[in-house]
Amino acid sequence: LLSRVGQPSEVADVVSFLLSDKSSYITGQTINVNGGMIFWDMKKNLLVLGGGEETYHYISLLINEYNIILVDKNSRCVCKPLSSHFIHSSIFDSKKILHLIKKKNLSKLVNGVVCLGTDAPKSASFLAKKFDCISVPEKAAEIASNKIRLKSLFHKLKINTPKYKVAKKYSD
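The following paragraphs examine the structure supplied in this document.

Cut-offs used in this document
- Numbering of residues starts from 1 in each chain and follows the order in which that chain's sequence is written.
- Reporting in this predicted model follows two pLDDT cut-offs: at least 70 for local features of residues, and 80 or more for side-chain atom pairs to be given and counted; totals over whole chains, interfaces and linings ignore these cut-offs and use all residues.
- Side-chain calculation: all heavy atoms of the structure are included, whereas hydrogens and water are not.
- Note on patches: the residues involved have over 30% relative accessible area and no salt bridge, like charges join within 9 Å, and the nonpolar side chains Val, Leu, Ile, Met, Phe, Trp and Tyr join within 5 Å.
- Using a 1.4 Å probe, accessible areas were evaluated by the Shrake-Rupley method; residue-level cover was limited to the displayed protein chains.
- Any Lys or Arg side-chain nitrogen found within 4 Å of a carboxyl oxygen on Asp or Glu counts as a salt bridge.
- Secondary structure elements follow DSSP: runs of H or I no shorter than four residues count as helices, runs of E no shorter than two count as strands, and numbering proceeds from the N terminus.
- Accessibility here uses a 1.4 Å probe with only protein chains present; expressed as a share of the type maximum, an area under 20% marks a residue as buried, one over 50% as exposed, and anything in between as partly exposed.
- DSSP-based pairing: two strands are paired if at least 2 bridges between them are found.
- Fitting a line to C-alpha atoms yields each axis, with helices limited to the stretch in contact; the angle taken between N-to-C directions then spans 0 to 180 degrees.
- Contact criterion: two residues are considered in contact whenever any of their non-hydrogen atoms come within 4.5 Å of each other.
- A crossover gets the label right-handed when its path from the first strand over the helix to the second runs clockwise, viewed with the strands pointing away from the viewer.

1. Quick notes on a nonpolar patch on the surface
Okay, step 1: Taken together, the side chains of Val 11, Val 15, Phe 17, Leu 18, Leu 19, Ile 26, Ile 31 and Val 33 present a nonpolar region at the surface, about 660 Å² in accessible area.
Okay, step 2: For Ile 26, the position within the fold is in the loop between helix 1 (8-19) and helix 2 (38-42).
Okay, step 3: When its relative accessible area of 36% is taken as the criterion, Ile 26 is described as partly exposed.

2. Here we look at the sheet that holds strand 1 (residues 44-49)
Okay, step 1: Spatial strand order, 3-2-1-4: four strands in an open sheet with parallel pairing. One side of each edge strand has no neighbouring strand; the edge strands of this open sheet are strand 3 (85-88) and strand 4 (112-115). Averaged over all adjacent pairs, the angle separating strand axes in this sheet is 25 degrees, with direction ignored.
Okay, step 2: Both strand 1 and strand 2 (residues 66-72) contribute to a ladder of six bridges, which runs parallel. Its bridge partner being in strand 2, Leu 46 is matched across the sheet by Ile 68.
Okay, step 3: Sheet strands touched by helix 4 (residues 94-103): strand 1, strand 2 and strand 3. Its angle to strand 3, the strand with the most contacts, is close to 135 degrees.
Okay, step 4: Packing against the sheet, helix 5 (residues 121-130) makes contact with strand 1 and strand 4, and its axis sits at approximately 175 degrees to strand 4.

3. Some thoughts on the pairing of strand 1
Okay, step 1: Along strand 1, five of the six residues are buried, which leaves the element largely enclosed by surrounding structure.
Okay, step 2: Taking the sense of rotation as the criterion, the β-α-β connection linking strand 1, helix 3 (residues 53-62) and strand 2 turns out right-handed.
Okay, step 3: Where strand 1 lies against strand 4, four bridges are found, and the strand directions are parallel. Paired with Leu 46 across the bridge in strand 4 is Gly 112.

In structure tokens, the structure reads:
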């Protein structure tokens, strides 16, 4: 997979070959001149933040429908073999993730961004906005990243949630 747009001359070279006598023994073939991107054209590409044990089940289901671009700081994470591309970075460093995705020429391939089993909604929201994908709205990501704020909102909205107490000291 080249992960880049092909040049017109690259297509023209194949057409020229097929029109020449050098291709006289070729019959009834489909030749894809696409840098290996045929498989990428069939499935959407999902940027997944976090590849630990807690996400393995979800990713193993997702790979049937999506190509997985996985981000994890553990280069030997359990989900790495399930991914089409791996980005070695903390899921909380969204600017580094963005840089690495651009460096690997994957920017145009991202169709969606999710965090599964992780507390990285702010990263998901930031990256989705950069890739023009639908994801967690920034305000919701901010609230979801602060557990006390989230619990307070649940309480205000009369949503049942386990009781909690704010610890002001380590000994609490």
